[in-house]
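# Structural overview
Spelled out, the chains give:
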Amino acid sequence: APTNTTTPSVSQPRARSPQSTQATAPQIPVRLSGLLSAEDSSKSAALFEVNGVTRRIYAGESIGSSGWTLVEVSDREAVIRRNGDVRSVSVGEQF
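Being a predicted model, the structure only gives us computed values, none of them experimental.

## Quick notes on the overall build of the protein
Across its full length, the protein carries zero helices and six strands. Sequence-ordered secondary structure for the protein, helices as α and strands as β, is β-β-β-β-β-β. The proportion of buried residues among the 95 residues of the protein is 21%. Contacts in the protein between residues far apart in sequence, at least 24 positions, make up 30% of those at least 6 positions apart. On the protein, roughly 7,300 Å² of surface is accessible, and the fraction owed to carbon and sulfur atoms is 46%.

Here it is, written out as structure tokens:
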């Protein structure tokens with residue numbers, strides 16, 4: 001009698017790259033809507049509109065989940081940083 005010499009095939013699951021590790025994160029609309037400067041610069045803050053919600057951010061804090069961090073606030077602009085990229089933004093400017 002003939003013997004069955006076929007070995008069962010084993011299918012390897014394909015490795016799927018997770019969605020969260022995409023090279024570029026989706027852009028989150030952020031707009032500088034106001035500046036709150038105080039004599040004590042550590043108490044100065046900026047008002048950022050993130051996804052339609054206005055938030056008060058102090059120097060050193062992250063601006064929502066945009067990846068940007070507020071560096072400093074002056075009477076006319078806010079300085080922000082992300083991945084070594086430093087920008088000055090004026091009230092009303094979107095980034």
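## What to know about the packing of aromatic side chains
Applying the stated criterion across every chain yields a total of two aromatic pairs. Plain terms: the ring middles of Phe48 and Phe95 are 6.0 Å apart, the flat faces sit at 90° to each other, and that makes the pair edge-to-face. Here the residue Phe48 occupies a position in strand β2 (residues 45–50), and Phe95 occupies one in the segment after β6 (85–90), the gap between them amounting to 47 residues. Consider the rings of Trp68 and Phe95, whose centres lie 5.7 Å apart with planes at 85°: the pair is edge-to-face. Residue Trp68 is located in the loop between β3 (53–58) and β4 (69–73), and its partner Phe95 is located in the segment after β6; the two are separated by 27 residues in the primary sequence.

## Thoughts on the sheet that holds strand β5 (residues 77–82)
In space, the three strands of this open sheet follow the order β4-β5-β6, with antiparallel pairing throughout. Either end of the sheet is taken by a strand with one partner, and the two such strands are β4 and β6. On average, each strand axis in the sheet is tilted by 30° relative to the strand beside it, whichever way the strands run. Sheet topology places β4 next to β5; four bridges connect them, and they run antiparallel. In the strand pairing of β5, Leu70 is matched with Ile80.

## Side note on the confidence of the model for the protein
Counting all residues, the mean pLDDT for the protein is 83, and 73% of those residues have values of 70 or more. pLDDT under 50 marks residues 17–23. Its contacts with residues more than four places away, or in other chains, come to zero contacts.

The rules behind the values
- Residues numbered from 1 in each chain as written.
- Predicted model: local features only at pLDDT ≥ 70, side-chain atom pairs only at ≥ 80, totals over all residues.
- Heavy atoms only, no water.
- Helix = DSSP H or I, 4+ residues; strand = E, 2+ residues; numbered from the N terminus.
- Buried < 20%, exposed > 50% of the residue type's maximum accessible area, 1.4 Å probe, protein only.
- Contact = heavy atoms within 4.5 Å.
- Areas by Shrake-Rupley, 256 points an atom, 1.4 Å probe, with all protein chains shown as cover.
- Phe/Tyr/Trp six-rings, centres within 6.5 Å; stacked < 30°, edge-to-face > 60°.
- Pairing = 2+ DSSP bridges.
- Axes fitted to C-alpha atoms, helices over the stretch in contact; angles between N-to-C directions.
- pLDDT = per-residue confidence, 0-100.

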